[in-house]
Amino acid sequence: STVASSMITVTGLVFSLTMVVLAQAAQQYGSLVLGNFMRDRGNQVVLGTFTASFIYSLLVLRTINSTENNVFVPNLSGLIGVVLAIISLAVLIYFIHHISESIQATTIITRIGKTLLGAIDDLYPEALGVDELESGSERASQLTVLEHFDKQSAVIHANASGYLQMIDEQKLMDAAREHDVILKLRPRPGDFMVEGSLLGGIYPAVRVSDPLASAISGALILGSTRTQTQDMALLFNQLVTIAVRALSPAINDPYTAVMCIDRLGEALCRLGGRELPSPYRYDEAGNLRIITRALSFEDMIKAAFDEIRRYGCSDLLVSRHLLQTLRMVGECAKPDYGTMLRAYATLVWEQSRRQFEEERDRIDLDDEYHAAAQALAPI
């Protein structure tokens with residue numbers, strides 16, 4: 001009875017502390033990061049331990065009964081209940097340390113950064129079908145199809161509203177191969193789709209059928225929120241949200257923004273050295289089957305740095321660190337991206353330079369820009 005009453009009290013305390021931390025995290029870091037707290041394995045283990053101890057104690061209490069001549073007490077079960085109480089005390093000490101550590105900006109940023117790197121490894125090493133054709137005649141025939149695609153294709157519309165959480169690419173490929181068509185998808189994972197809005201096209205139009213439309217709809221998984229399964233931009237957005245909030249006048253913490261830039265730069269370095277998938281996907285026979293809106297490296301640069309550039313251009317530390325990070329990305333990425341990275345570095349430099357009145361600040365920014373420009377695309 002003592003174990004049961006104490007466990008339910010401590011469980012209420014843990015839930016209260018968790019809600020306070022969630023409210024503080026949402027206010028300081030944005031609601032996008034709340035999913036990381038809800039998925040935290042440590043918090044789940046703590047709450048599960050307390051709840052399990054409480055339920056176990058209640059079940060044991062039910063077995064205790066007494067008569068005029070005898071009292072039945074399950075000694076072994078009582079011993080297990082005491083052991084669970086001791087374990088719960090240890091878990092409570094861990095929870096106090098864990099919850100205080102989990103709301104630190106360094107911990108949150110590091111966790112999101114590692115998740116982003118894992119998403120890059122999951123999404124980009126493997127490709128669907130074949131993304132290149134070796135035969136020049138096959139390329140020419142596919143280009144001819146693309147020229148007439150919009151005129152000779154049938155449009156398809158979304159049959160529900162929600163965020164596109166995941167695309168079953170293999171199911172789409174199988175449907176396109178079975179019906180011998182080319183599918184062109186307009187939305188990307190993370191986009192919000194409205195019922196009746198344009199989903200894409202099917203070429204040729206004469207092969208459109210209800211089974212094909214049903215297969216396409218079944219391959220697109222919608223939900224009420226964005227998820228990290230295929231929406232890598234969501235992880236970029238989480239880091240950017242933390243950085244932008246840190247740069248707001250109410251918080252004014254450029255060092256937190258710098259940590260976010262470091263993690264974003266790390267992710268771009270890993271992306272820059274890999275082959276990004278082509279928007280044109282071919283089956284094993286070399287036939288074009290799927291056309292998607294694939295994310296380009298330039299799209300990812302903009303997703304990572306555009307908002308930080310707009311809100312942090314008046315801070316010399318942030319502006320210089322953006323230039324340093326772009327130079328670092330250029331050193332890790334393929335040489336083909338050098339010109340694009342230099343153009344973006346020029347945009348950062350020009351926008352930031354207009355914000356500084358002190359000549360010393362302008363000189364420091366100029367030195368950082370010239371070093372980055374020379375390293376990215378020397379003229």
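Residues numbered from 1 in each chain as written. Predicted model: local features only at pLDDT ≥ 70, side-chain atom pairs only at ≥ 80, totals over all residues. Heavy atoms only, no water.

*Asks:* Is there a simple way to explain the overall build of the chain in this structure?
*Replies:* Within the chain, the regular secondary structure consists of 15 helices and 10 strands. A globule of 379 residues ought to have a C-alpha radius of gyration of about 21 Å, yet the chain, at 28 Å, is considerably larger. In terms of its C-alpha atoms, the chain occupies a principal-axis envelope of roughly 95 × 70 × 35 Å. Every one of the 379 residues in the chain was classed for burial, and the buried ones make up 42%. (Helix = DSSP H or I, 4+ residues; strand = E, 2+ residues; numbered from the N terminus. Rg over C-alpha atoms; globule rule 2.2 N^0.38 Å. Buried < 20%, exposed > 50% of the residue type's maximum accessible area, 1.4 Å probe, protein only.)

*Asks:* Just checking my understanding: could you explain the layout of surface pockets for this structure?
*Replies:* Rolling a probe over the atoms, with the probe sized like a water molecule, indicates the empty space that remains. Volume-wise, the second largest pocket comes out at about 250 Å³. Taken together, 13 residues make up the lining of the second largest pocket; nearest its centre are Ser31, Leu32, Thr225, Arg226 and Leu234. Among the elements of the structure, helix 2 (34–38) and helix 10 (232–246) are those that each provide at least two residues to the lining of the second largest pocket. Looking at the lining of the second largest pocket element by element, the count peaks at three residues for helix 2. Residue composition of the lining of the second largest pocket, by class: five nonpolar, six polar and two charged. (1 Å grid on protein atoms, 1.4 Å probe; cavity = no way out; pocket = protein on both sides within 12 Å on 5 of 7 lines; lining within 4 Å. Points joined across faces, edges and corners; volume = space filled by probe spheres on them. Nonpolar A, V, L, I, M, F, W, Y, C, P; charged D, E, K, R; others polar.)

*Asks:* Help me out: how do you make sense of the packing of helix 10 against helix 11 (residues 254–272) in this one?
*Replies:* In a pair of packed helices, the angle between the axes and the distance between the axes together describe the arrangement. Between helix 10 and helix 11, whose axes approach to 7 Å, the crossing angle comes to 155°. In terms of their interaxial angle, helix 10 and helix 11 are classed as roughly antiparallel. Where helix 10 crosses over helix 11, the handedness of that crossing is left-handed. Contact residues: helix 10 offers Met232, Phe236, Leu239, Val240, Ile242, Ala243 and Ala246, while helix 11 offers Pro254, Thr256, Ala257, Cys260, Arg263, Leu264, Ala267, Leu268 and Leu271. (Axes fitted to C-alpha atoms, helices over the stretch in contact; angles between N-to-C directions. Parallel < 35°, antiparallel > 145°, perpendicular 65-115°, else oblique. Left-handed = near helix turned anticlockwise from the far one by under 90°. Contact = heavy atoms within 4.5 Å.)

*Asks:* Would you mind showing me how to read the pairing of strand 4 (residues 162–167) here?
*Replies:* Along a regular strand, successive side chains alternate from one face of the sheet to the other. Bridge analysis of strand 4 against strand 6 (residues 192–193) gives two bridges, and the strand direction is antiparallel. What sits directly across from Tyr163, in strand 6, is Phe192. With four bridges connecting them, strand 4 and strand 8 (residues 220–223) associate as antiparallel partners. Bridged to Met166 within strand 8 is Ile221. (Pairing = 2+ DSSP bridges.)

*Asks:* Would you mind showing me how to read helix 9 (residues 210–219) here?
*Replies:* For an α-helix, the turn length of 3.6 residues means that residues three or four places apart are oriented alike. Among the residues of helix 9, those classed as buried are Leu212, Ala215, Ile216 and Ala219. The arc that holds the buried residues of helix 9, viewed along the axis, is 100°, so those residues lie on one side. More than 90 degrees from the buried face of helix 9, the exposed residues found are Asp210 and Ser214. (Arc of directions from axis to C-beta.)

*Asks:* How should I be thinking about unusual backbone geometry in this particular structure?
*Replies:* In most cases, non-glycine residues show a negative phi, while peptide bonds are predominantly trans. In this model, Tyr203 is joined to Pro204 through a cis peptide bond whose omega is -5°. Counting through the fold element by element, Pro204 comes out in the loop between strand 7 (198–203) and helix 9. Although it is not a glycine, Asp180 sits at a positive phi angle of roughly 55°. Along the chain, Asp180 falls in the loop between helix 8 (169–179) and strand 5 (182–185). Look at Asp180 and you get partly exposed, because its relative accessible area is 36%. The residue Asn252 is not glycine, and still its phi comes out positive at about 55°. Mapped onto the elements of the fold, Asn252 is located in the loop between helix 10 and helix 11. Judged by its relative accessible area of 55%, Asn252 is exposed.

*Asks:* Would you explain the nonpolar core in this entry?
*Replies:* Where a protein is soluble and globular, its nonpolar side chains tend to be buried together. In this structure, Met232, Phe236, Leu268, Leu271, Phe297, Phe305 and Ile308 are the most contacted members of the largest nonpolar core, which totals 70 residues. Counting residues per element, this core draws most heavily on helix 1 (residues 2–29), which supplies nine residues. Setting aside residues up to four positions removed in sequence, Phe305 forms contacts with Ile261, Leu264, Gly265, Leu268, Leu322, Thr325, Leu326 and Tyr344. In this structure, Leu172, Leu199, Ile202 and Ala215 belong to the second largest nonpolar core, which totals 20 residues. (Core = buried A, V, L, I, M, F, W, Y, C linked by side-chain atoms within 4.5 Å.)

*Asks:* Which parts of the structure should I look at to understand helix 5 (residues 105–123)?
*Replies:* With 19 residues, helix 5 ought to run about 27 Å at 1.5 Å a step, and its terminal C-alpha atoms sit 27 Å apart, in line with that. Inspection of helix 5 places Ala105, Ile108, Ile109, Thr110, Ile112, Gly113, Leu116, Leu117, Ala119 and Ile120 among the buried residues, and these make up the whole buried set. Contacts from the buried residues of helix 5 go to helix 1, helix 2, helix 4 (75–102), helix 10 and helix 11. (Expected span 1.5 Å × (residues − 1).)

*Asks:* Looking at this model, I keep getting lost on the packing of helix 11 against helix 12 (residues 297–312). Mind explaining?
*Replies:* Between helix 11 and helix 12, whose axes approach to 11 Å, the crossing angle comes to 175°. Overall, the two elements helix 11 and helix 12 adopt an arrangement that is roughly antiparallel. Along the contact surface, helix 11 presents Ile261, Leu264, Gly265, Leu268, Leu271 and Gly272, while helix 12 presents Phe297, Met300, Ile301, Ala304, Phe305 and Ile308. Its residues assigned to classes, the contact of helix 11 with helix 12 shows 10 nonpolar, two polar and no charged.

*Asks:* I would appreciate a short explanation of the sheet that holds strand 8 in the present structure.
*Replies:* In a beta sheet, neighbouring strands are held together by backbone hydrogen bonds and run either parallel or antiparallel to one another. A sheet is described by the order of its strands in space; here three strands give the open sequence 6-4-8, paired in antiparallel fashion. Of all the strands in the sheet, the pair left with one neighbour each is strand 6 and strand 8. The sheet contacts of helix 9 involve strand 4 and strand 8, and relative to strand 8 the element is tilted by about 50°.

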